[in-house]
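Observations on chain architecture
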Amino acid sequence: MFEQGKVSEANSQYELFLSDCKDLRDSDSVAQAQASLATLALEQRRFAEGITLASQAADKYKDDQSADLEASTYALQSRLLLGQGRAREAHSASSRSAALAGTTGSRSPKYEATLATSYVEVRTGRATDAAQHLKAMIRLAHQQGYKGFEYEARLAFGEIELKSSASAFGRKQLNALVQEGAKTGLIRIAEHARNLAEPR
């Protein structure tokens with residue numbers, strides 16, 4: 001539902017899920033719901049609320065020694081902090097995410113850490129470094145069949161190119177992502193690409 005662009009509907013479902021899990025005192029599911037709601041908060045630019053939810057989930061995953069889930073949550077927290085302009089704290093969270101992701105065999109946390117790190121790099125004047133990291137991620141995610149992460153990295157890379165001297169190339173990349181995202185059902189990413197690609 002989230003990737004299909006139905007963010008409000010997904011938010012309502014997860015709020016209900018969180019309430020039910022709290023009633024049942026199911027702490028594992030509470031953390032899952034909090035992380036999901038934090039992701040939706042990022043999408044809706046409700047950064048303060050998202051930071052609180054992500055922090056609560058991260059604390060639970062730390063207690064459980066679930067490095068992969070903790071890494072993913074710190075990556076999310078980094079992007080939420082960046083949304084508030086808190087670049088130093090966002091850098092700390094992305095570094096924490098990358099360190100934790102490196103201790104797991106899971107691929108998803110590594111991709112999430114790379115995305116978070118790249119967004120911090122862009123914000124702190126290191127767009128060239130971010131572009132290199134994103135290009136490597138695009139290649140690897142494509143090879144490994146992680147379509148969602150491939151498209152997320154292409155979206156971030158396209159945005160970098162759009163703001164550079166290669167803006168025409170960036171717009172071309174984003175327009176291609178609009179078409180491919182729509183075809184594969186990743187409507188949320190396609191909509192973001194369309195909004196970025198539209199001439200200002």
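Treat the numbers as computed from the prediction; the structure is a model and nothing was measured.

Thresholds, definitions, all that
- Residues numbered from 1 in each chain as written.
- Predicted model: local features only at pLDDT ≥ 70, side-chain atom pairs only at ≥ 80, totals over all residues.
- Heavy atoms only, no water.
- Helix = DSSP H or I, 4+ residues; strand = E, 2+ residues; numbered from the N terminus.
- Rg over C-alpha atoms; globule rule 2.2 N^0.38 Å.
- Buried < 20%, exposed > 50% of the residue type's maximum accessible area, 1.4 Å probe, protein only.
- Contact = heavy atoms within 4.5 Å.
- Core = buried A, V, L, I, M, F, W, Y, C linked by side-chain atoms within 4.5 Å.
- Salt bridge = Lys/Arg side-chain N within 4 Å of Asp/Glu carboxyl O.
- Phe/Tyr/Trp six-rings, centres within 6.5 Å; stacked < 30°, edge-to-face > 60°.
- Axes fitted to C-alpha atoms, helices over the stretch in contact; angles between N-to-C directions.
- Parallel < 35°, antiparallel > 145°, perpendicular 65-115°, else oblique.
- Left-handed = near helix turned anticlockwise from the far one by under 90°.
- Nonpolar A, V, L, I, M, F, W, Y, C, P; charged D, E, K, R; others polar.

1. Some details on the overall build of the protein
Check the secondary structure of the protein and you find 10 helices and zero strands. Going from N to C terminus, the protein has its helices and strands arranged as α-α-α-α-α-α-α-α-α-α. In summary, the protein has a C-alpha radius of gyration of 17 Å against a globular reference of 16 Å for 200 residues, a match within 12%. Here the C-alpha coordinates of the protein stretch approximately 55 × 35 × 35 Å along the principal axes. The proportion of buried residues among the 200 residues of the protein is 44%. At a minimum sequence separation of 6, the contacts of the protein that also span at least 24 residues come to 53%.

2. As for the nonpolar core
Among the nonpolar cores identified, the biggest contains 42 residues, and Ala38, Leu80, Leu115, Leu134, Met137, Phe149 and Ala153 are the most heavily contacted of them. Those elements that provide at least two residues to this core are helix 1 (7-24), helix 2 (27-43), helix 3 (47-63), helix 4 (67-83), helix 5 (87-101), helix 6 (108-123), helix 7 (127-144) and helix 8 (147-162). Here this core takes seven residues from helix 4, the largest share from any one element. Contacts of leucine 134, omitting those with residues within four sequence positions, involve Leu115, Ser118, Ala153, Ala156, Phe157 and Ile160. Residues Tyr151, Leu177, Val178 and Ala197 belong to the second largest nonpolar core, which totals 11 residues.

3. Considerations on the side chain of asparagine 11
Locating asparagine 11 in the fold gives a position in helix 1. Judged by its relative accessible area of 10%, asparagine 11 falls in the buried class. Beyond its immediate chain neighbours, meaning those up to four positions away, asparagine 11 contacts Leu37, Leu40, Gln44 and Arg46.

4. Digging into the pattern of salt bridges
Oppositely charged side chains are able to pair whenever their charged atoms sit close together. If you walk through the whole model with that rule in mind, you get 11 salt bridges. A salt bridge links arginine 188 to glutamate 43, with the nearest nitrogen and oxygen atoms 3.4 Å apart. Taken together, the positions of arginine 188 in helix 10 (residues 187-197) and glutamate 43 in helix 2 put the pair 145 residues apart, joining distant regions of the chain.

5. Some words on the environment of leucine 40
With respect to the helices and strands, the residue leucine 40 is situated in helix 2. Placed 135 residues apart in sequence, leucine 40 and asparagine 175 show a C-alpha to C-alpha distance of 24 Å.

6. Some thoughts on the packing of aromatic side chains
What describes a pair of aromatic rings is the distance from one ring centre to the other and the angle between the planes of the rings. In the structure shown here, the tally under the stated rule is four aromatic pairs. Geometrically, the ring pair formed by tyrosine 111 and tyrosine 146 is tilted, given 5.4 Å between the ring centres and 55° between the ring planes. Note that tyrosine 111 is positioned in helix 6 and tyrosine 146 in the loop between helix 7 and helix 8, a separation of 35 residues in sequence. Owing to a relative accessible area of 4%, tyrosine 111 belongs among the buried residues under this scheme. You can call tyrosine 146 partly exposed: its relative accessible area is 26%. On the basis of an interplanar angle of 35° and a centroid distance of 5.2 Å, the ring pair of tyrosine 111 and phenylalanine 149 is categorised as tilted. With tyrosine 111 in helix 6 and phenylalanine 149 in helix 8, this residue pair connects regions lying 38 residues apart in the sequence. In this structure phenylalanine 149 comes out as buried when scored by relative accessible area, which is 17%.

7. Remarks on the packing of helix 6 against helix 7
Packed helices, taken two at a time, are described by the angle between their axes plus the distance between the axes. Between helix 6 and helix 7, whose axes approach to 8 Å, the crossing angle comes to 160°. Between helix 6 and helix 7, the angle falls in the class roughly antiparallel. In the crossing of helix 6 with helix 7, the sense of the turn from one axis to the other is left-handed. In this structure, helix 6 uses Tyr111, Thr114, Leu115, Ser118, Glu121 and Val122 to contact helix 7, whose residues at the interface are Ala127, Asp129, Ala130, His133, Leu134, Met137, Leu140, Ala141 and Gln144. Each residue belonging to the contact of helix 6 with helix 7 can be placed in one class, and the counts come to nine nonpolar, four polar and two charged.

Function cannot be inferred from these measures alone, as they are strictly geometric.
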